[in-house]
Amino acid sequence: MIRFILLQNRQGKTRLAKYYVPLEDSEKHKVEYEVHRLVVNRDSKFTNFVEFRTHKVIYRRYAGLFFSLCVDITDNELAYLECIHLFVEILDHFFSNVCELDLVFNFHKVYLILDEFILAGELQETSKRAIIERMGELEKLELKSQAILSVKLTCKNLDSRSQFRLPSPSLSPLVAA
Amino acid sequence: MASPSLMDTLFQRGLDDIIKGVRHQQSSTESIFISRVIEEIRREIKSTDLQTKSTALQKLTYLNSIHFIDMSWASFHAIECISSPTFSHKKIGYLAISQSFSESTPVILLISNQIRKDLKSGNEFEVSLALDCLSRIGTVDLCRDLASEVFILMSSSKVFIRKKAIGVVLRLFEKYPDAVRVCFKKLVESLEGSDSPIVSAVVGVFCELSAKDPRSYLPLAPEFYRILVDSKNNWVLIKVLKIFVKLAPLEPRLAKRLVEPICDHMRKTGAKSLVFECIRTVVTSFTEYESAMKLAAAKIREFLMEDDPNLKYLGLHAISIMAPKHLWAVLENKDVVIQSLSDEDPNIKLESLRLVMAMASESNLMETCRVLVNYALKSDPDFCNEILGSILSTCCQNVYEVIIDFDWYVSLLGEMSRIPNCKKGEEIENQLIDIGMRVKDVRPELVRIARDLLIDPALLGNPFLHRLLSAAAWVCGEYVEFSRNPVELMEALLQPRTSLLPSSIRTVYMQSAFKILIFCIHSYFLQKEDMTSEVSDLASKRQCSESSDLATGKALVQSDQDEGFNPRESNQSYEYPSVVDTGDGQSSTPTFMEKKSLMHESIVNLLNLMELVLSPLSGSLDVEIQERACNVLGFIELVQQEFSNPLIRKEANLDREEVIASRVVEWVHDVFTEELGPVSVTAQDRVPIPDELVLKENLTDLEAICGGVELPAPGSFSLTSPYYGESAVFSVSNLQAEEDSEPSTESTSLLTEHRKRHELYYLPSEKNIIPANDYPPANDPSSSINTNDATEDLVKLADQSLVSKRKPNHAKPRPVVVKLEEGEAAPVVSKKPELKDDLLSGAIHDILLGNEAKAASSQSNPSDKSSSKRKGKAKHVDLLDSKENLAVGEQPNHENPSSRRSKHRGDGKQKSKKSKGKKNGDGREDDGEKESQKIRDHHGRHKSRQRADAPINVVPQTPDIPDYLL
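If you're wondering where the values come from, they're calculated on a predicted model, not measured in any experiment.

About the criteria used
Residues numbered from 1 in each chain as written. Chains lettered and ligands numbered in written order. Predicted model: local features only at pLDDT ≥ 70, side-chain atom pairs only at ≥ 80, totals over all residues. Heavy atoms only, no water. Helix = DSSP H or I, 4+ residues; strand = E, 2+ residues; numbered from the N terminus. Contact = heavy atoms within 4.5 Å. Areas by Shrake-Rupley, 256 points an atom, 1.4 Å probe, with all protein chains shown as cover. Salt bridge = Lys/Arg side-chain N within 4 Å of Asp/Glu carboxyl O. Buried < 20%, exposed > 50% of the residue type's maximum accessible area, 1.4 Å probe, protein only. Buried area = accessible area lost by both parts, 1.4 Å probe. Polar contact = N/O pair within 3.5 Å; in protein donor to acceptor, adjacent residues only side chain to side chain. Nonpolar A, V, L, I, M, F, W, Y, C, P; charged D, E, K, R; others polar. Pairing = 2+ DSSP bridges. Axes fitted to C-alpha atoms, helices over the stretch in contact; angles between N-to-C directions. Parallel < 35°, antiparallel > 145°, perpendicular 65-115°, else oblique. Left-handed = near helix turned anticlockwise from the far one by under 90°. Phe/Tyr/Trp six-rings, centres within 6.5 Å; stacked < 30°, edge-to-face > 60°. Lys NZ or Arg CZ within 6 Å of the ring centre and 35° of its normal.

**Some thoughts on the overall build of chain B**
Per the secondary structure count, chain B includes 48 helices and zero strands. Across chain B, every contact between residues at least 6 apart in sequence was considered, and the portion connecting residues at least 24 apart equals 72%. Approximately 42,700 Å² of chain B is accessible, and the part contributed by carbon and sulfur atoms is 55%.

Okay, here's the thing in structure tokens:
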């Protein structure tokens, strides 16, 4: 089972943190600090597995970003390594050539993708295509709801504007016309 | 002016503005900026306009997840957002909730209705949001309230929803085990689909569930077997293999059926992850299948040959799993293993170190250790300590089983402590003392090593070695009779740099110095008696008792009568004729020298030196040091009266005074020569508990209160003779405190972990030794000749064990190692199974067994459908059928699971409602009895404890599992 997933840059700034086990905020902070310290100085020729407390962290570095998964000690390291890669591929596809800034500005979308990918600490979907499709639909839905919202907002604004403007005599013929 | 909501909406900063804003801040102004933003958010979030509110919430969530800004105050606003009809608001609300809510969030109960509404929604994305959220924050109440909704979703027509609902089930079961009754059947049915995301999700759930309580899922083995054979999805296969690793030990016949398909996968698949999972499965669970092991070893070899460090590491890891039972696999890959010792990656180095140690045996241990210690000198501090740690733990296995030449080992310990990066002081300390107590023959060498350590002032500067020095000091004090030059030891113990030591260790130094002083004065008296050859009754008696310590030629003349009651002497002269010569030669020489050197002046010098060093300490702030200093000073004063004016010695009152002083010395000396032996960690438990003593009741509350307080470890020891019981205990706790406050947390934690693992080899607390005589007869004579319990039986034991243990082919006979009985190995901690798990597995059991029973009686179960579908695989169908038959045969009463279920939910009132249910329950109770009987047989000694601890909830958990796989 995945305990948490962390995206950190080389400076140790967390770009995304999702915990599948309940942790206090202070504990989260500590965990992030420790994981960063564990992975940041490892040579690229080293293994991608580090023991972390009673679990192990499987990490992978993409440019300046470290993707770290904390899993049970008996879990399959290689499978989770592939899992990280799949996640990155999905991000890359979704943001078309993903970079760190994409993740910063779209953190809520990254969370959504992650929710499609992993649920309750278990891998939910191993098909990249399926997740991309779902995200497309979600985007559409959101745009739609935003559109409806803005229409409503405009109507409301128009309403309020008309309230203001109705008493104005000069405009009333125009409105009437 | 426009309405406030409009103003807010138009002029509100969006998420992007905040992110940009934070990015543009310097690190010094960042917190100011954030706190300003938070102020803004607090205002905006109160807005009645949901758009404004949700944007504010989103900003807050961002700050919370990246900058750890507290957002618990906004939990109600998050709930408002999810109740919005607009999807984007809902999304933001759910994100905020799943990021910030915990079990203790007060408003969590309020979302139950909203989640239910969303679970029932027609919009699949809303359903999915609600499911995601539930899987993350589900509490007992939420899970109970929403179990039925999730159940409905499990049969949703949309694969996407079904998959998520299955994922949520895991949380549901964990929090609300009764949900099993609703959902489990559906879950099992989902297993039967073809290769699809659904199967992947279900297998994931079962993998997690079976990790907690594999026995309950044994009936599903045929289903998993089918997936193992049919599935093409590597992810699913890996998970199924993980399940089988859990199930295999419970059902021996599983292995036979599984080996073939697993080997098949291993041969065919191209995915390394699957290959590795197969290897791991084989090497952990199917060790007795030679061909499979061979195949696995071949695959491992492929891994080792790869350039990818990950694969290499995993290969080494797999071998190390194999090592205990199949050492050939390690030996085959010896070259790679040794080579990896100098790999760049610390993981690989560590793994190969483990393997190297696994290869160590009696014959090559010395060579291996020599090479490793040399290597440790060259490697980085961390790995150096890893090497030292693994040498130490390998050597002390099974009471130093692999070591033949203890003199060599002790000098190795000395050598290790001189390695500059050594942080294993505590570990070496334990072993030095342990060996000193267990192995008599090594004591002269031990004292020599300890002396070398003590007189080196450089070692005092390394705080990691302080514990080690305390052991050296203790050894010198306790076995001072083997020393060549006690005066030199005394000087080493009192050297000025000892002020660098922590007080707890300083007290050990002082106590040891005191012992040495007593020894010197005592031998001085003896020697004087010899010279004047006034053998009074008293003196001859004294000499008898001390002849072993002063193994002089004269003493040996008297040894005819001594041997009867002097343990060491008799031991040496009968059992080790070859050693006696050298041993005597060694020990008589120093004694001789000592006789020469122990003139009157040297004693006076000693006394003066001690007085000089200790007088300032009598005003020490540390109570322990102060007390010891005062004790010693008092003693010195007593003795000094006699020594200070030698002229009086000729006078008449000489005899009387001297007799008083020498008597005191003799008494104290007697106390110090009382031999200390190892004591079993479980010794305390064997003391019968008096009837009127209530130990088990009402203390659970106390435990809850004291949970955080660390009690002194049971394996600690004290460094003084038993007559100082009280102060000894005190000093132990001091040591403990010292240990806690020491900066070397890393090494100490490693060591405490080691101590936990190898409790057997640590010496227990001294106080156990005091009631030694009260122990009930330790154990039946048949159990082992190595058994021993109380200190006074050590000699007898040594005689016995030697007969059986001695190996003729060794050039140098292995010295006797005092062992305690085998049973001490692991102080059995009968952990109470968690109530939750109990309920869960109980519930699953009901469902499964109920299922099977129903399946056979009423032919409507879908599993039958599927079995007929799979007619082609005749073997498998057989398997399934017989399983059902057996299930029916052996568990005839299980068609009414719910009534029984409610019974062992523990509402006493429902008990014996139905006679049938009762009978059923009795049967189960029997099973429980059987189980606990087994446990009792296993650890006979803990009978009473087991019985007291055995929870009643165990009863429903352990019914007989019928044979599902034939």
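**As for the pattern of salt bridges**
One pass over the full model with this rule turns up 53 salt bridges over all chains. For A:Asp115, the salt bridge is made with A:Lys18, and the minimal N-O distance between the two is 3.3 Å. With A:Asp115 in helix 4 (residues 107-117) and A:Lys18 in strand 2 (residues 14-19), this pair connects stretches of sequence that are 97 residues apart. Of the two residues, A:Asp115 and A:Lys18, neither departs from the other in class, the shared state being buried. A salt bridge links B:Arg451 to B:Glu488, with the shortest nitrogen-to-oxygen separation between them at 2.4 Å. Here the residue B:Arg451 occupies a position in helix 27 (residues 443-455), and B:Glu488 occupies one in helix 29 (residues 486-493), the gap between them amounting to 37 residues. Accessibility expressed as a relative area gives 24% for B:Glu488, which makes it partly exposed. Taken together, the shared-partner salt bridges in this structure form one network comprising A:Lys56, A:Glu77, B:Lys242, B:Glu277 and B:Arg280.

**Remarks on the interface of chain A and chain B**
The interface of chain A with chain B comprises 59 residues on the first partner and 66 residues on the second. In total, about 5,600 Å² of surface goes out of reach between chain A and chain B, with carbon and sulfur atoms giving 55% of it. Summed over the three residues of chain A that lose the most area to chain B, namely A:Phe105, A:Phe107 and A:Gln124, the buried surface amounts to 11% of that side. Linking chain A with chain B are seven salt bridges, by the criterion used here. With a shortest N-O distance of 3.3 Å, B:Lys164 and A:Glu116 are connected by a salt bridge. At the boundary of chain A with chain B, the tally comes to 18 residue pairs in polar contact (both at pLDDT 80 or more). When contributions to the side of chain A that touches chain B are tallied by element, the ones reaching two or more residues are strand 2, helix 1 (25-40), strand 3 (49-52), helix 2 (77-94), helix 3 (100-105), helix 4, strand 7 (122-123) and helix 5 (128-165) of chain A. Per-element accounting of the side of chain A that touches chain B gives the leading share, 12 residues, to helix 5 of chain A. Of the residues in the side of chain A that touches chain B, the class split is 26 nonpolar, 12 polar and 21 charged.

**Brief notes about the sheet that holds strand 4 (residues 55-62) of chain A**
In a beta sheet, neighbouring strands are held together by backbone hydrogen bonds and run either parallel or antiparallel to one another. Residues and elements named next belong to chain A. Pairing within the open sheet is antiparallel, and its five strands lie in the order 2-1-5-4-3. Where the open sheet ends on each side, the last strands, each with one partner, are strand 2 and strand 3. Going from strand to strand, the sheet's axes swing by 20° on average, the running direction of each strand aside. Pairing of strand 1 (residues 2-9) with strand 2, which is carried by five bridges, proceeds in the antiparallel orientation. Residue pairing for strand 2: Gln8 is matched across the bridge by Thr14.

**Quick look at the packing of helix 16 (residues 272-285) of chain B against helix 18 (residues 309-322) of chain B**
For any two helices packed against each other, one specifies the inter-axial angle together with the distance between the axes. Residue and element names in this part refer to chain B. Packing of helix 16 against helix 18 brings their axes to within 9 Å, and their N-to-C directions diverge by 15°. When the axes of helix 16 and helix 18 are compared, the pair comes out roughly parallel. Here the hand of the crossing between helix 16 and helix 18 comes out left-handed. For the pair formed by helix 16 and helix 18, the contact residues are Lys272, Phe276, Ile279, Arg280, Val283 and Thr284 on the first element and Leu311, Leu314, His317, Ala318, Ile321 and Met322 on the second. By residue class, the composition of the contact of helix 16 with helix 18 is eight nonpolar, two polar and two charged.

**Quick word on the packing of aromatic side chains**
Enumeration according to the criterion identifies 27 aromatic pairs over all chains in this entry. Taking the centre distance of 4.9 Å and the plane angle of 85° together, the rings of A:Phe94 and A:Phe95 count as edge-to-face. Like A:Phe94, the residue A:Phe95 is buried in the burial classification. Considering the side-chain rings of B:Tyr524 and B:Phe525, the 6.0 Å spacing of their centres and the 50° angle between planes classify their relative orientation as tilted. Three or more aromatic residues joined by ring pairs form one cluster here, namely B:Phe173, B:Phe184, B:Phe206, B:Tyr217, B:Phe224 and B:Phe244. Here the guanidinium or amino end of B:Arg257 rests over the ring plane of B:Tyr225, the centre of that ring lying 5.1 Å away. Between B:Lys349 and the ring centre of B:Phe383, over which it is positioned, the NZ or CZ distance is 4.7 Å.

**With respect to the environment of B:Met416**
All names here are of chain B. Locating Met416 in the fold gives a position in helix 25 (residues 406-417). For Met416, a relative accessible area of 0% translates into the label buried. In this structure, Met416 is in contact with Val373, Leu388, Ile391, Leu392, Cys422 and Ile428, ignoring residues within four places of it in sequence.

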